[in-house]
Every structure is written in structure tokens, then in C-alpha cells.
Amino acid sequence: MDHAAVERTYAAARDEYAGRGVDTEAALARLLAISLSLHCWQGDDLAGFEKRAAGLAGSGLQVTGCAPGRARDVDELRADMAQAFALIPGRHRVNLHAMYGEFGGRAVDRDAIEPEHFRGWQEWARPRGLKIDLNPTCFAHPRAASGYTLASRESGVRRFWVDHVKCCRKVAASIGREQQAPCLHNLWVPDGSKDVGADRWGARAALLKSLDEIFEVEYSPQQVKDALESKLFGLGSESFVAGSHEFYLGYALTRKKMVCFDLGHFHPTESVADKLSAVLPFTGEVLLHVSRGVRWDSDHVVLLNDEVRDLAAEIVRSQALDRIHIALDYFDASFNRVGAWVLGARAMLKGLLIALLEPRDRLRELDGGPKTLARLSLLEELKALPFGAVWDFHCLKNGVPPSDKWLREVDAYERRVLSRR
Ligand code: RNT
Ligand code: ZN
């Protein structure tokens, strides 16, 4: 479809939505204001740039696949991310992990990470209008090999990871100051046990103590916003996870932090979408890690499935878009890694667009009472409305290929760059 055809199709769609009381232009303006935080770790299978190649020891994370072209250094990773951003409409964010600092070939341990190690990223991000977020890396390290970090009952180990997270918050604050916008700092630790244990109390007491020590240092929320990411279970932590949802929810509510909901970190029948209206009245803001679990927390690429559509609908219905931060979190090495970024980010944005195109007032009128049939029929009808035409128009207007045309550019990049690595 050429430009003119996209515009014609859009004009028809716009009228159809208008007939249902929906302003497509307003929806697109709101969509453009939403930034996703794009996770750098999809580009290199979570390898990072530390001198010591640590593998993913003690992480419970598993990257599978052997597509060619994994980014091997910071220049390659930035080039790949830039290529992905060029195919995603809107202005987005870069989500870093501590292990992606630039350490100049030196062995800098995790408790010695400094803001200067992230200057290069800031210099790269600034002219591109990208804001940066940061995650401590409490895995892929010999001191995480036991499977315990902040909840470790070995005081040396625990102290080491407390110091690491303190370093990361210092870096995040410096990034936030420099970019004149908060850096979202999200903490996930793998801590837990593979088999039946007998001291959940001790592990959680240690985690609580570590968190309180970490957050003794206060930073302005203009610079850093802290989030805590829970998990139900992981590889190697099947029997017990110290940082469970209840633990972090309690912590976040009493210490005024954010919780981070990862879509892969709950029982498969639990809905993160449903949690937003339950938690947001009590917490200022939340962070989302949008991922796709296939049978388990498998971190598959995000697709526009019912889970993502429900989540997007709840984000939009909350009318609190600025209090809900959306990051992506998956790592798939089985196909083109740049394409995986683009596919997942576009799927999330499409979900948000569909949600923004809902006739909100009409739906609310039909909620509750004897109007169930009318409500369900309208919800069914909305699924058939031509959001794809609105999406394609949005892409063209924002200088990125519509429909699946972006694939050609990803293929060309693979031929030109990735396959030569
Ligand atoms: C792990 C968490 C965590 C990581 C990243 C790499 O289960 O989802 O967010 O995926 O920090
Ligand atoms: Zn996550």
C-alpha cells in the first residue's frame, strides 16, 4: 500500500470510529506521548560488557537460540538499538543493566560501578532524545552463584550486593540529573531456593534489611524512581522466592516505592491487567515489564495477544498514563534480535492504540446492571473496527514503515550488518 492508499483507508477508518464517538486524532496524539523503555539486553542475550565473562550464574534466566549477529560490544548494541528505534513510532527510552557499563577493558567489580561508566550511554542518548533507565545486575556473577544476593545470610555476600545496588542508585541519580528527567531504577534479585527450605523467615528478614540499607540514601524523585520486581518462581528457585509479590507490595506501600509487575512472573491464570486498579489507588506509580510467558516465565517476544490487549485497556482506562511506566522484558536469541525488539514494541503500541480507540464513556454506561449483553456485544464489535488502518497512518506520519513493511529493513540490516559479525 502506498502513502495515498494508507491515507484513504485511514480516512474511512476515522469516520467509522467517529460514528462510534471516538476521535482517532486524539487517540494518536496520546499514543505518541507514551514512551516504552526498550531493554538493551535483548540485543546481546544478556551478556553485558564486563571483562569477566560470567555467563548467567545464579540468575534463573535462560536465553535460547543461536541467531547470527549478537551485539558484541557497546557500539554494536547501540547501532542495533538505533535500527530498532528507527522502526518503532514515537520517542522511547533505553533500559540498561549495570553490566552494560563501559568499563574500558578494566575489571570493575559490581560494587565499584560509577556514573562515569555510563557517560558514553548518556552522550549517545542525549542527541537522540532518549531517556535512560537502569537495573542493578544481581546475577551473572560468582557472588550470586549460591542463588542468593540481597537475601543471603552470608553477611559478606549480602553486603556486596547492598553495595552494588547503592552504586546503581547513585548512577541512576546522576543519569536522572543529567537527563533532567527521572531514571527508573528497577531492582530484581533471583534469590530463592530450588528445593524445600526451612528458613523463609531468615531470607526475607535479610532481604528487608538489605532494602532498608539501600534506601537509606535518599534521592530526589526528579532523579530516581525506585521499583521492586517480584517473581513467583524461577529456574533454580522453584520452591521459594524471597522477593515474592506480597513481600514487595508490602515493602513498596510502607516505603513509598513502586512495584514492578512482570507479565511472566505470576501464575498463568493471574492477570496483571486486573492488578492495576487494585494497586494504583495505594501506590503513586507502577512499572510494568511486558513479556510473554509460554508455559512459564520464558520471556518470549511480546505479541498482540489477549493479555497485552487487556493490559493496555486497563492502562488507558486508568486515566493515569503518566503513573504507569511501560518497559519491555524478553530475550530471544532464536531469530533476528533487532526484529524482536521491533515486533514486541510495535505489538505493545498497537495494544495501546486499540485501547485508546475505545468509546470509553459508552462502555462505562454499559457497565454493571442489566446491560451485560449490550456491553459484550459492543466489546465484540470493537474488535472488528479497523484499528490497523489507524496504526498504519500513525506509522507513516511518524516516519516509520507501516504494516509489516519494517521487516524489509530488518532483513536488509541482517544482510548488511548482523550476518557479518
Ligand atoms: C527476571 C526479571 C528481570 C530480568 C531483567 C534482565 O525474571 O524479569 O526483569 O528479566 O532484569
Ligand atoms: Zn522483568
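Residues numbered from 1 in each chain as written. Chains lettered and ligands numbered in written order. Predicted model: local features only at pLDDT ≥ 70, side-chain atom pairs only at ≥ 80, totals over all residues. Heavy atoms only, no water.

Enquirer: Please explain the coordination of the zinc ion (ligand 2) as it appears in this structure.
Expert: Six octahedral donors around a metal ideally sit at 90 or 180 degrees from one another, while four tetrahedral donors ideally sit at 109.5 degrees. Looking at the zinc ion (ligand 2), the protein donor atoms are Glu229 (OE), Asp262 (OD), His289 (ND1) and Asp329 (OD), and they sit 2.1 Å from it. Around the zinc ion (ligand 2) sit 6 donor atoms, and with donor-metal-donor angles ranging over 71 to 169° the site reads as octahedral. Counting along the primary sequence, the residues that act as donors to the zinc ion (ligand 2) give the motif E-x32-D-x26-H-x39-D. Taken together, the residues Glu229 in strand E6 (residues 224–229) and Asp329 in the loop between strand E12 (324–328) and helix H10 (337–356) connect sequence positions 100 residues apart. (Donors = N, O, S within 2.8 Å, 3.2 Å for Na, K, Ca; no water. Tetrahedral: all angles 85-135°; square planar, octahedral: opposite > 155°, others 65-115°. Helix = DSSP H or I, 4+ residues; strand = E, 2+ residues; numbered from the N terminus.)

Enquirer: What is the right way to read helix H7 (residues 245–255) from this model?
Expert: Residue pairs three or four apart in sequence face the same way in an α-helix, which turns once every 3.6 residues. Taken residue by residue, H7 has His245, Phe247, Tyr248, Leu249, Tyr251 and Ala252 as its buried positions. Its buried side turned inward, H7 meets helix H6 (200–214), E6, strand E8 (258–262) and helix H8 (272–279). Two residues or fewer after H7 comes Lys256, characterised by a positive phi angle close to 60°. (Buried < 20%, exposed > 50% of the residue type's maximum accessible area, 1.4 Å probe, protein only. Contact = heavy atoms within 4.5 Å.)

Enquirer: Any chance you could explain the nonpolar core here in plain terms?
Expert: For soluble globular proteins, nonpolar side chains are generally found buried alongside one another. Within the largest apolar cluster, 134 residues are counted, with the highest numbers of intra-cluster contacts made by Trp121, Met348 and Leu352. Sequence-distant contacts of Leu352, that is, excluding residues within four places in its chain, are made with Leu31, Ile34, Leu36, Ala312, Ile315, Val316 and Ile326. By size, the runner-up hydrophobic cluster in this structure holds 6 residues, among which are Ala227, Met258, Cys260 and Ala327. (Core = buried A, V, L, I, M, F, W, Y, C linked by side-chain atoms within 4.5 Å.)

Enquirer: Explain empty space enclosed by the protein here, please?
Expert: To find leftover empty space, one rolls a probe the size of a water molecule over the atoms. Within this structure, the stated rule accounts for 3 cavities of 30 Å³ or more. For the largest cavity, the calculated volume is near 180 Å³. Considering the residues around the largest cavity, the lining is formed by 19 residues, among which Leu61, His97, Trp188, Glu229 and Asp329 are closest to the centre. Those elements giving two or more residues to the lining of the largest cavity turn out to be strand E4 (183–187) and strand E11 (296–300). Classifying every residue of the lining of the largest cavity by side-chain character gives 8 nonpolar, 5 polar and 6 charged. (1 Å grid on protein atoms, 1.4 Å probe; cavity = no way out; pocket = protein on both sides within 12 Å on 5 of 7 lines; lining within 4 Å. Points joined across faces, edges and corners; volume = space filled by probe spheres on them. Nonpolar A, V, L, I, M, F, W, Y, C, P; charged D, E, K, R; others polar.)

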